[in-house]
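In case you want the letters, here they are:
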Amino acid sequence: MSIADIKWKLFSLKSRAVYLNGLKTRKIVPYSEQMIEKFRNVSYGGIPASIILLNVVLCNGKCYDRSVLFAATLDEDIDFRIIRGKVDAIKLNPKYNGENDPLFADHCFVEITDRDNEVWICDTSLGLLFEKELYYKLENVEERHISTKEDTINFCEYQDIKNNCRFEDDKYMSLLTLPIIEDIAQKDNDNFYHDQLLREIELYKKKINYDGLIDERNNHFKNRTKKFGE
């Protein structure tokens, strides 16, 4: 076993212990139902943030985009920062090769100061919130860049998300994307949010009358086929 493999194994063992204790002591918490409700009111590519952020497959490897999406769901009076930097979960993982990329271990997450002035880290790749001190010790974070709340609000991507939450306009996109997302969600039984995610998909289907959209699409193609067949 190589030194790199030993370091990764030790990190994995430490992480497991930290996670178990953190969940028990509430220093690590999942998204609350109140947060998930807020996710429903924000969309990305025509899909509610509740469906995206509860789906690990749609978040892994997309921490920059998902951090901005999460920030867009926060109440206006909540202070936050988006932080980029190296983390051990990537740096020590043997499957990642950083020889030719100095930013290979770069990660992005959201620092939130709640109404009780407690500071939390939201790691969208994990779908969990961590007490900041615990997260920084676990991941041995080396900060590279910090975007303030004001900086983030001025991001084009943030503005696009906040200004394009029109589910009625985007609902036809769901005919292309939702079947794929639902298939992934149904097969991913290891997802901590498996049941909540399937619930969010069903809620969204009802909201946009998904079955009616399918009938509308099928009738459209049927009429076009008849037209060209005449």
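Let me sum up the structure you'll find in this document. Along each chain, residues carry numbers from 1 onward, in the same order as the chain's sequence is written. In keeping with the predicted nature of the model, local features appear solely for residues at pLDDT of at least 70, side-chain atom pairs appear and are counted solely at 80 or more, and the whole-chain, interface and lining totals rest on all residues. As a convention, hydrogens and water are excluded, and side-chain values are obtained from all of the structure's heavy atoms.

## A few points about unusual backbone geometry
At step 1: A positive phi is found at R26, a non-glycine position, where the angle reads about 65°.
At step 2: Where helices and strands are cited, they refer to DSSP runs of H or I of at least four residues and of E of at least two residues respectively, numbered from the N terminus. Note on placement: R26 falls in the loop between α1 (3-25) and β1 (28-30).
At step 3: Despite not being glycine, N140 has its phi angle at roughly 50°, a positive value.
At step 4: Note on placement: N140 falls in the loop between α7 (132-139) and β8 (142-147).

## Overview of α1
At step 1: A helix is expected to span 1.5 Å for every residue after the first. Over its 23 residues, α1 runs 33 Å from end to end, which matches the ideal 33 Å to within 8%, given 1.5 Å per residue.
At step 2: Whether a residue is buried, partly exposed or exposed follows from its accessible area with a 1.4 Å probe, protein chains only, as a fraction of its type maximum: under 20%, in between, or over 50%, in that order. Among the residues of α1, those classed as buried are F11, S15, Y19 and G22.
At step 3: Note on α1: the residue one or two positions beyond its end, R26, has a positive phi of about 65°.

## Some details on the packing of α1 against α7
At step 1: Two elements in contact, α1 and α7, have axes whose closest approach is 10 Å; the angle formed by their N-to-C orientations is 165°. What the angle tells us is that α1 and α7 run roughly antiparallel. Note on packing geometry: the crossing formed by α1 with α7 is right-handed. Between α1 and α7, the contacting residues are F11, K14, S15, V18 and Y19 on the first element and L134, K137, L138 and E139 on the second.
At step 2: Gly is put with the polar residues, along with every residue not named as nonpolar or charged; the nonpolar set is Ala, Val, Leu, Ile, Met, Phe, Trp, Tyr, Cys and Pro, and the charged set is Asp, Glu, Lys and Arg. Split by residue class, the contact of α1 with α7 holds 5 nonpolar, 1 polar and 3 charged. To obtain an axis, a line is fitted to C-alpha atoms, over the contacting stretch when the element is a helix, and the angle between two such axes runs from 0 to 180 degrees between their N-to-C directions. Comment on the angle field: the value is read as roughly parallel under 35 degrees, roughly antiparallel over 145, roughly perpendicular from 65 to 115, and oblique elsewhere. By convention the crossing between two helices is left-handed if the near helix lies anticlockwise of the far one by an angle smaller than a right angle, and right-handed if it lies clockwise. It only takes one pair of heavy atoms within 4.5 Å for two residues to be counted as in contact.

## Remarks on the packing of aromatic side chains
Within a pair of aromatic rings, the relevant descriptors are the distance that separates the centres and the angle that separates the planes.
At step 1: Whether two aromatic rings pair depends on their centres lying within 6.5 Å, for rings of Phe, Tyr and Trp, where Trp uses its six-membered ring; planes under 30 degrees apart make the pair stacked, over 60 edge-to-face, and the rest tilted. Enumeration over the complete set of coordinates arrives at 11 aromatic pairs.
At step 2: Ring centres of Y31 and Y193 lie 5.5 Å apart, and the angle between their planes is 15°; on these two criteria the pair is classed as stacked. A residue pair is termed long-range when its members are at least 10 positions apart, and Y31 in the loop between β1 and α2 (33-39) and Y193 in the loop between α11 (174-187) and α12 (194-207) qualify at 162 residues. Each of the two residues, Y31 as well as Y193, counts as buried.
At step 3: Taken together through their ring pairs, the aromatic side chains of Y19, F109, F130, Y135 and Y136 make up a single cluster.
At step 4: Across from the ring centre of Y44, 5.5 Å away, lies the NZ or CZ of R66, which sits over that ring. For a Lys NZ or an Arg CZ to count as sitting over a ring, it must be within 6 Å of the ring centre and within 35 degrees of the ring normal.

## What to know about the packing of helix α5 (residues 63-72) against helix α9 (residues 156-163)
At step 1: Remark: α5 packs on α9, axes separated minimally by 10 Å, with the N-to-C direction vectors making an angle of 45°. It follows that α5 is oblique to α9 by the angle criterion. Handedness of the crossing formed by α5 with α9: right-handed. Listed contacts from α9 to D65, V68, L69, A71 and A72 of α5 are E157, Y158, I161 and K162.
At step 2: Tallied by class, residues from the contact of α5 with α9 come to 6 nonpolar, no polar and 3 charged.

## Side note on the nonpolar core
At step 1: Core analysis: the largest hydrophobic core is formed by 58 residues, its most contacted members being Y31 and F70.
At step 2: Looking at which element gives the most residues to this core, the answer is α5, with 6 residues.
At step 3: Once residues within four sequence positions are removed from consideration, F70 is found in contact with Y31, M35, F39, L53, V110, I112, C122 and T124. In this text, buried Ala, Val, Leu, Ile, Met, Phe, Trp, Tyr and Cys residues form a nonpolar core when linked through side-chain atoms within 4.5 Å.

## Remarks on the pattern of salt bridges
At step 1: One speaks of a salt bridge when a side-chain nitrogen belonging to Lys or Arg is within 4 Å of a carboxyl oxygen belonging to Asp or Glu. If you walk through the whole model with that rule in mind, you get 15 salt bridges.
At step 2: The residue K132 makes a salt bridge to E111 at a minimum N-O spacing of 2.8 Å. One end of the pair, K132, is in helix α7; the other, E111, is in strand β5 (residues 106-113), with 21 residues separating them in the sequence.
At step 3: Judged by its relative accessible area of 8%, E111 is buried.
At step 4: Between E200 and R199 there is a salt bridge, with its nearest N and O atoms 2.9 Å apart.
At step 5: Overall, the relative accessible area of 2% leaves E200 in the buried class.
At step 6: Owing to a relative accessible area of 30%, R199 belongs among the partly exposed residues under this scheme.
At step 7: What emerges from the salt-bridge pattern is a single network uniting E33, R40, R199 and E200.

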